[in-house]
Amino acid sequence: MNVPVWVWLATVAGLLLLIAIDLVIVDRKPHEVTTREAARWVVFYVACAAVFGAGVWIFAGHDPGVEFFTGYITEYSLSVDNLFIFMVIMASFKVPLIHQHRVLLVGILLALAMRSVFIAIGAALIAQFVWVFFAFGAVLLWTAVSMLRQKDEHEAEYHENAVTRLARKIYPVSDGYDGHRMFVKRRGRRMMTPMFLVIVAIGSADLLFAVDSIPAIFGITQEAFLVFTANAFALMGLRQLFFLLGGLVNKLVYLSYGLAVILGFIGLKLVVHALHEYHVAPAWLDVNNWISLGIIVAVLTITTLASIAKSKRDSAREAAAAQ
């Protein structure tokens, strides 16, 4: 897939326009995002991704189109599992409800910028070295096994990572929030506000999530343009999904198992692809894009329906016990 420079520029310009619209309409006046508002924006961003994918399908062919949709669904589903961490971070930093949208917006934009660097490095390595597929596959298989062995799906307490601790060392933190301001002067000293620190926490946490999401999408497509755009659309729609799902994320109890299966499947696919490059794997082991898309959608559907069924059973038991 040969992507001209002007297509890259037009795509980045379109994404920046979406961000500008979000800033003007949603974030112009700080407010608590309602469920109805979040639902409208989730539908809007999913529709934007669908229109973009249709454009890829029409102008580049059905194979790149399937790769984009498969990558987008994978990245979006991996992002849903990360929403719980964002909720824990928000609660830990006591972010006011009217400022949570701004925190997510800036934090995710930072994460997208950092992911872009990872994508460029990954694409360059894959173009030069076949063994990178083995490395990416090993990362995904290890992550999948770790998710399956995890006793507790999520941690209820946030522990600051190295990036957040470094930020605290560079600048002292002011006592409280000061609107949207990220830096203030107190008694002649320049200090960062909790607003800036929580943005660093959100951005750096998402960067850690990229350790499995970036290799996962490279297992679906090695086209840097598709990898970048699938990540961009998934991240941009993640903010509103945060407000739409809220505490419902906790009810998706089997999602992590489904994601482990998906990561394991893509990890094996990467290893098989590398073996094909070395001409040591039989042709029948090759899994085409349609099969990959079908497996990913089926696993997500089954785990979501199973989670909803379990949630209903648990609610019924609690109601019966209360009576």
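Residues numbered from 1 in each chain as written. Predicted model: local features only at pLDDT ≥ 70, side-chain atom pairs only at ≥ 80, totals over all residues. Heavy atoms only, no water.

- As named in an unreviewed UniProt entry, the protein is TerC family protein, taken from Amycolatopsis alkalitolerans.
- Turning to the protein, the UniProt record has this under Sequence similarities (unreviewed entry): "Belongs to the TerC family."
- In UniProt, the protein has this text filed under Subcellular location (unreviewed entry): "Membrane". (UniProt positions renumbered as here; feature names shortened; annotations may be inferred.)

## Thoughts on the overall build of the protein
Alright, step 1. Assigned secondary structure in the protein consists of 10 helices and 2 strands.
Alright, step 2. In the protein, the order of α-helices and β-strands from amino to carboxyl end is α-α-α-α-α-α-β-β-α-α-α-α.
Alright, step 3. Its C-alpha radius of gyration of 21 Å places the protein within 12% of the 20 Å reference for a compact globule of 323 residues.
Alright, step 4. Projected onto the principal axes, the alpha-carbon positions of the protein cover approximately 70 × 60 × 35 Å.
Alright, step 5. The burial tally for the protein puts 46% of its 323 residues in the buried class. (Helix = DSSP H or I, 4+ residues; strand = E, 2+ residues; numbered from the N terminus. Rg over C-alpha atoms; globule rule 2.2 N^0.38 Å. Buried < 20%, exposed > 50% of the residue type's maximum accessible area, 1.4 Å probe, protein only.)

## Examining the packing of aromatic side chains
Alright, step 1. A complete count under the given rule lists 18 aromatic pairs for this structure.
Alright, step 2. Note on Phe68 and Phe69: the rings are 5.6 Å apart at their centroids and 70° apart in plane angle, and the pair reads as edge-to-face.
Alright, step 3. Overall, the relative accessible area of 21% leaves Phe69 in the partly exposed class.
Alright, step 4. Plain terms: the ring middles of Phe68 and Tyr72 are 6.1 Å apart, the flat faces sit at 10° to each other, and that makes the pair stacked. In this pair, Phe68 and Tyr72 both sit in helix α3 (residues 62–92), 4 residues apart, roughly one turn of the helix. (Phe/Tyr/Trp six-rings, centres within 6.5 Å; stacked < 30°, edge-to-face > 60°.)

## As for helix α8 (residues 224–245)
Alright, step 1. Given a rise of 1.5 Å per residue, 22 residues ought to cover 32 Å, and the 30 Å separating the end C-alpha atoms of α8 matches this to within 8%.
Alright, step 2. Roughly 40° is the biggest bend found in α8, and it falls at Arg239.
Alright, step 3. Extensive coverage of α8 is indicated by the burial of 19 of its 22 residues. (Expected span 1.5 Å × (residues − 1). Bend = angle between axes of the 7 residues up to and from the residue.)

## So, the pairing of strand β2 (residues 189–192)
Alright, step 1. Pairing geometry for strand β1 (residues 183–186) and β2, over 4 bridges, is antiparallel. Paired with Phe183 across the strands is Met192, a residue of β2.
Alright, step 2. Counting the residues in the hairpin turn of β1 and β2 gives 2 residues, including Arg187, whose phi is positive at 55°. (Pairing = 2+ DSSP bridges.)

## So, the packing of helix α4 (residues 100–128) against helix α5 (residues 131–149)
Alright, step 1. One way to put it is that α4 packs onto α5 with a least axis distance of 7 Å and a crossing angle of 130°. When the interaxial angle is binned, α4 and α5 end up oblique. Two secondary-structure elements touch here, α4 through Gly122, Leu125 and Ile126 and α5 through Val132, Phe133 and Phe136. (Axes fitted to C-alpha atoms, helices over the stretch in contact; angles between N-to-C directions. Parallel < 35°, antiparallel > 145°, perpendicular 65-115°, else oblique. Contact = heavy atoms within 4.5 Å.)

## Section: the pattern of salt bridges
Alright, step 1. Applying the stated criterion across every chain yields a total of 5 salt bridges.
Alright, step 2. For Arg186, the salt bridge is made with Asp178, and the minimal N-O distance between the two is 3.7 Å.
Alright, step 3. Residue classification places Arg186 among the partly exposed residues on the basis of a relative accessible area of 33%.
Alright, step 4. Judged by its relative accessible area of 26%, Asp178 falls in the partly exposed class.
Alright, step 5. The shortest N-O distance in the salt bridge between Asp314 and Arg317 comes to 2.9 Å. (Salt bridge = Lys/Arg side-chain N within 4 Å of Asp/Glu carboxyl O.)

## As for the nonpolar core
Alright, step 1. Core analysis: the biggest nonpolar cluster contains 82 residues, and Tyr72, Phe86, Val103, Phe218, Phe233, Phe242 and Ile266 have the highest contact counts within it.
Alright, step 2. Every residue in contact with Phe86, bar those within four places of it in the chain, is listed here: Leu104, Ile202, Asp206, Phe209, Leu238 and Phe242. (Core = buried A, V, L, I, M, F, W, Y, C linked by side-chain atoms within 4.5 Å.)

## Quick word on the packing of helix α7 (residues 194–218) against helix α9 (residues 255–277)
When two helices pack together, you describe them by how their axes are tilted relative to each other and by the distance separating the axes.
Alright, step 1. Relative to each other, α7 and α9 sit at 55°, their axes nearing to 9 Å. With respect to each other, α7 and α9 are oriented oblique. Seen along the crossing, α7 lies across α9 with a hand that is left-handed. Of the residues in α9, those touching α7 at Asp212, Pro215, Ala216 and Phe218 are Leu263, Ile266 and Leu270.
Alright, step 2. A class-by-class count of the residues in the contact of α7 with α9 yields 6 nonpolar, no polar and 1 charged. (Left-handed = near helix turned anticlockwise from the far one by under 90°. Nonpolar A, V, L, I, M, F, W, Y, C, P; charged D, E, K, R; others polar.)

## A short note on unusual backbone geometry
Trans is the prevailing form of peptide bonds, just as negative phi is the prevailing case for residues other than glycine.
Alright, step 1. One non-glycine residue, Lys94, lies in positive phi territory at about 50°.
Alright, step 2. When you line up the elements, Lys94 lands in the loop between α3 and α4.

## Here we look at α7
Alright, step 1. Here α7 spans 36 Å end to end across 25 residues, near enough to the 36 Å set by a 1.5 Å rise per residue.
Alright, step 2. Along α7, the helix axis deviates most sharply at Ala210, where the bend reaches about 45°.
Alright, step 3. Across the 25 residues of α7, 21 count as buried, placing the element largely inside the fold.

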